[in-house]
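# Analysis of the macromolecular model
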Amino acid sequence: MGSQRIIGGGLGLSEAGPSTHHHHHVPSYGVLHGINSANPSTLINEGHAFNFGELEEAIVLQGVKARNDEGKAPLFTTAPRPAATLEMFPSWPIRFHQTSRGGSKSGGESTDSALSTKTEPPLEAESPMSKKATTPSSLDHQHHLQHDHHDASRIVGPSSSSQNQSQAKSPHEKRKGAGSTSEKPLDAKAYVQQLESSRLKLTQLEQDLQRARSQGLFMDCGGVGGNLSSGGAMFDMEYGRWLEEEQRLMGELRNGVQAAVSEGEMRGIVDGYLSHYDELFRLKSVAAKSDVFHLINGMWTSQAERCFLWIGGFKPSDLITMLIQQLEPLAEQQIMGMYGLRHSSQQAEDALSQGLDQLQQSLVDTIAGGPIVDGVQQMVVAMGKLANLEGFVRQADNLRQQTLHQLCRLLTVRQAARCFIVIGEYYGRLRALSSLWASRPRETLMSDDNSCQTTTDLQMVHPSHHQNHFPSF
Amino acid sequence: MHYQTASWGNYVAASRNNGMVGVGVDPLERIERLASENAVVIFSISSCCMCHAIKRLFCGMGVNPAVHELDEDPLGKDLERALIRLLGTSSVVPVVFIGGKLVGTMDRVMACHINGTLVPLLKEAGALWL
């Protein structure tokens, strides 16, 4: 029991902690670190090494008002008081036994005074372990501590305890102790820990959400995000639906190829897929009218697709290059046709890219202004030039659409089916790659206080529809 | 869209009585005349970026188009209006004529290029030798 309480000594916890409530996260965390880094092995090995003392100290630090003077007795009998939010240590499990007094009492118990006074018995009982004493007391406290130990060993709390236990990384879970009745302070601590862990979970989820959104993972919650215009949000929603339907059509294509359906039937399936892409281009043209920037910056696509974005979508010549490789074997005539298509597509792409460059240059000239700068006029002219962006996106989509149609004309029906399967799988893999990349474990998250323990949680944050693309592997 | 000289002729006939007479030249007639002067004729506006794109497309293919900048033509406005009437869209430039026949605006030209009909058309008009 001589385990050294680093906390007790160095951090000066004897003073009441910050007077405010749950915003002083750092100090508690600092305390937690201190506690956790201090001889965990000794703490485990101690038969009674339940760090009530540390917990109490932290509680005291956290928001306990200076009510240490309050007697212990009134504490256990008082009616529920308003809970002060304490920043407890999320990783610490709930080691308290849910008392027979029920949750309501524990809810009320989480008051400053309650906790502060509760700190006393454990501290005293573990006097060798604790250098800190709020209100020194007699063996009475020691007796209470025995009870506490026992209670801790029978950690049965409400759902919160299981929730906290799932978070528990600390080794302090081993408890041995003689059985005894539970003590009221434990309810309050349990409840407080429950609140705290819930709050932290909420914060973590919010952060994950923010991270996911910033990474542009598609949210199929209807574009509930600060930066999306309604046009962009609407398009995102429709694109999500389009992707789902595309998966369904991919399934039809695969079935058709495997089941070797008749040519007419296959033609129908291929035409269906083609018209599905036509629908996408129609949606994009509508979206371009309302929010062309949303299309151009590619926030509606996955990250990997966005990386290769060309004027708001895929680059047809790149797609054809990929297809020429994947669709072998092809007849000579078809190969020539594919190369010719790629060549024409490249010429058209170059032309559009150069046109866009000129637009950008012209815009820069307008915005930068000249010697005679008329602000309003300048903006009017600039707005007029920006309006041309929609035309470029439309032409780029037109190019994509024409390319897909021409592909269908060049290939036989079965080859066209295979071609669309290849295209669908290719983009599906790109999307899956983006998801995987976004959720890869990153050790560098340590710098972020709340997330160093939740890296694995981050991996759980996936828009559900991305899962659709894994089956294609 | 399907452009033929016949329907175009109707337009020309219909508009012959329009107000451009005062200037002495019917704009559509002028367009027709300009279009037949070269194998590839582009009506453009010098500040328009899409027009720049289409010019780059033809030059990239080795074609040397004759470009008429409507904003540099004193009667350009009339021509533009006539083209709008002809095509039925408000965003009318760039407009391309090949071999005196109307091909259309940018998306039509691109569609023709992708489906492989543009190059034969150019060769037929004598704009390309391969």
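Below you will find a few notes about this structure.

Cut-offs applied
- Residues numbered from 1 in each chain as written.
- Chains lettered and ligands numbered in written order.
- Predicted model: local features only at pLDDT ≥ 70, side-chain atom pairs only at ≥ 80, totals over all residues.
- Heavy atoms only, no water.
- Helix = DSSP H or I, 4+ residues; strand = E, 2+ residues; numbered from the N terminus.
- Buried < 20%, exposed > 50% of the residue type's maximum accessible area, 1.4 Å probe, protein only.
- Contact = heavy atoms within 4.5 Å.
- Areas by Shrake-Rupley, 256 points an atom, 1.4 Å probe, with all protein chains shown as cover.
- Salt bridge = Lys/Arg side-chain N within 4 Å of Asp/Glu carboxyl O.
- Core = buried A, V, L, I, M, F, W, Y, C linked by side-chain atoms within 4.5 Å.
- Axes fitted to C-alpha atoms, helices over the stretch in contact; angles between N-to-C directions.
- Parallel < 35°, antiparallel > 145°, perpendicular 65-115°, else oblique.
- Left-handed = near helix turned anticlockwise from the far one by under 90°.
- Nonpolar A, V, L, I, M, F, W, Y, C, P; charged D, E, K, R; others polar.
- 1 Å grid on protein atoms, 1.4 Å probe; cavity = no way out; pocket = protein on both sides within 12 Å on 5 of 7 lines; lining within 4 Å.
- Points joined across faces, edges and corners; volume = space filled by probe spheres on them.
- Buried area = accessible area lost by both parts, 1.4 Å probe.
- Polar contact = N/O pair within 3.5 Å; in protein donor to acceptor, adjacent residues only side chain to side chain.
- Pairing = 2+ DSSP bridges.
- Right-handed = clockwise from strand over helix to strand, strands pointing away.

Turning our eyes to something else, we now look at the overall build of chain B. Secondary structure summary: chain B contains six helices and four strands in total. Moving toward the C terminus, one meets the helices and strands of chain B in the order α-α-β-α-β-α-β-β-α-α. Among the 130 residues that make up chain B, the fraction classed as buried is 50%. Long-range pairs, those at least 24 residues apart, make up 61% of the contacts in chain B with a sequence separation of at least 6. Surface exposure of chain B reaches about 6100 Å², of which carbon and sulfur atoms provide 52%.

This part takes up unusual backbone geometry. For the bond running from A:Glu328 to A:Pro329, omega is 0°, close enough to zero to count as cis. Along the chain, B:Val93 connects to B:Pro94 via a cis peptide bond; the corresponding omega equals 0°. For B:Pro94, the location among the structural elements is in the loop between helix H4 (76-87) and strand E3 (95-98). We note that A:Ala260 has phi near 55°; this positive angle belongs to a residue other than glycine. Given a relative accessible area of 55%, A:Ala260 falls into the exposed group.

Applying the stated rule across the entire model yields 15 salt bridges over all chains. A salt bridge links B:Glu80 to B:Lys77, with the shortest nitrogen-to-oxygen separation between them at 3.7 Å. Highlighted residues: B:Glu80 and B:Lys77, both in helix H4, separated by three residues, approximately one helical turn. Salt bridges here are not isolated pairs; linked through shared partners, they connect A:Glu245, A:Arg248 and A:Glu252.

Turning our eyes to something else, we now look at the nonpolar core. Counting 101 residues, the largest nonpolar core has A:Leu323, A:Leu352, A:Leu404, B:Phe58 and B:Leu122 as its most contacted members. Looking at this core, the element that brings in the most residues is helix H13 (residues 263-290) of chain A, giving 11 residues. Non-local contacts of A:Leu352, meaning those with residues more than four positions away in its chain, are made with A:Trp310, A:Ile311, A:Phe392, A:Gln395, A:Ala396, A:Leu399, B:Met50, B:Ala53, B:Met106 and B:Met110.

Glancing now at the packing of helix H12 (residues 230-259) of chain A against helix H20 (residues 413-438) of chain A. All names here are of chain A. It is the contact of H12 with H20, at a shortest axis distance of 10 Å, that shows an interaxial angle of 135°. Taken together, the axes of H12 and H20 are oblique relative to one another. Considering only the axes of H12 and H20, their crossing is left-handed. When H12 is examined against H20, the residues Tyr239, Leu243, Glu246, Met250, Leu253, Arg254, Gly256 and Val257 are found in contact with a partner set consisting of Arg414, Ala417, Phe420, Ile421, Gly424, Glu425 and Arg431. Here the residues of the contact of H12 with H20 sort into eight nonpolar, two polar and five charged.

In this structure, the largest pocket occupies an estimated 480 Å³ of space. Residue lining of the largest pocket: 21 residues in total, with A:Arg394, B:Met50, B:Ser91, B:Val92 and B:Val93 positioned closest to the centre. Residue assignment for the lining of the largest pocket shows that the elements contributing at least two residues are helix H19 (388-410) of chain A together with helix H3 (49-61) and helix H5 (106-114) of chain B. Per-element accounting of the lining of the largest pocket gives the leading share, six residues, to H19(A). Among the residues making up the lining of the largest pocket, the classes are represented as 10 nonpolar, seven polar and four charged.

In this assembly, 21 residues from chain A lie in contact with 16 residues from chain B. Taken together, both faces of the contact between chain A and chain B bury some 1700 Å²; the carbon and sulfur share is 66%. It is A:Gln347, A:Gln358 and A:Gln395 that lose the most area in chain A upon contact with chain B, and together they represent 27% of the buried surface on that side. Viewed at the interface, chain B and chain A are joined by zero salt bridges. Here chain A and chain B share four residue pairs in polar contact (both at pLDDT 80 or more) between them. The set of elements that each furnish at least two residues to the side of chain A that touches chain B consists of helix H17 (332-368) and H19 of chain A. No other element matches H17(A), which puts 11 residues into the side of chain A that touches chain B.

Further remarks concern the pairing of strand E2 (residues 66-69) of chain B. Residue and element names in this part refer to chain B. Relative to E2, strand E1 (residues 40-44) runs parallel, the two being bridged by four bridges. For Phe43, the partnering residue across the bridge sits in E2 and is His68. Where the polypeptide runs from E1 across H3 and back to E2, its parallel neighbour, the crossover connection is right-handed.

For H5(B), a buried count of seven out of nine residues is recorded, marking the element as mostly surrounded by other parts of the structure. Of the surrounding secondary structure, the elements contacted by the buried residues of H5(B) are H17 and H19 of chain A together with H3, E3, strand E4 (101-104) and helix H6 (118-125) of chain B. Phi turns positive, to about 85°, at B:Gly116, one or two residues after H5(B).

Attention shifts here to the packing of H17(A) against H19(A). Residues and elements named next belong to chain A. Orientation of H17 relative to H19, taken along the N-to-C sense of each, is 180°, at an axis distance of 11 Å. The orientation of H17 relative to H19 falls into the category roughly antiparallel. On the side of H17, the interface is formed by Gln334, Gly337, Met338, Leu341, Ser345, Ala348, Glu349, Leu352, Gly355, Leu356 and Leu359, while H19 contributes Asn388, Leu389, Phe392, Gln395, Ala396, Leu399, Thr403, Gln406, Leu407 and Leu410.

Bringing the sheet that holds E1(B) into the picture now. Residue and element names in this part refer to chain B. The strand order across the open sheet formed by four strands is E2-E1-E3-E4, and the pairing between neighbours is mixed. Edge strands, defined here as strands with exactly one partner in the open sheet, are E2 and E4. Within this sheet the neighbouring strands show an average axis-to-axis angle of 25°, counted without direction. Here helix H2 (residues 27-37) sits on the sheet in contact with E1, E2 and E3, set at roughly 135° to E1. Relative to the sheet, H4 contacts E1, E3 and E4, its axis offset from that of E3 by approximately 75°.

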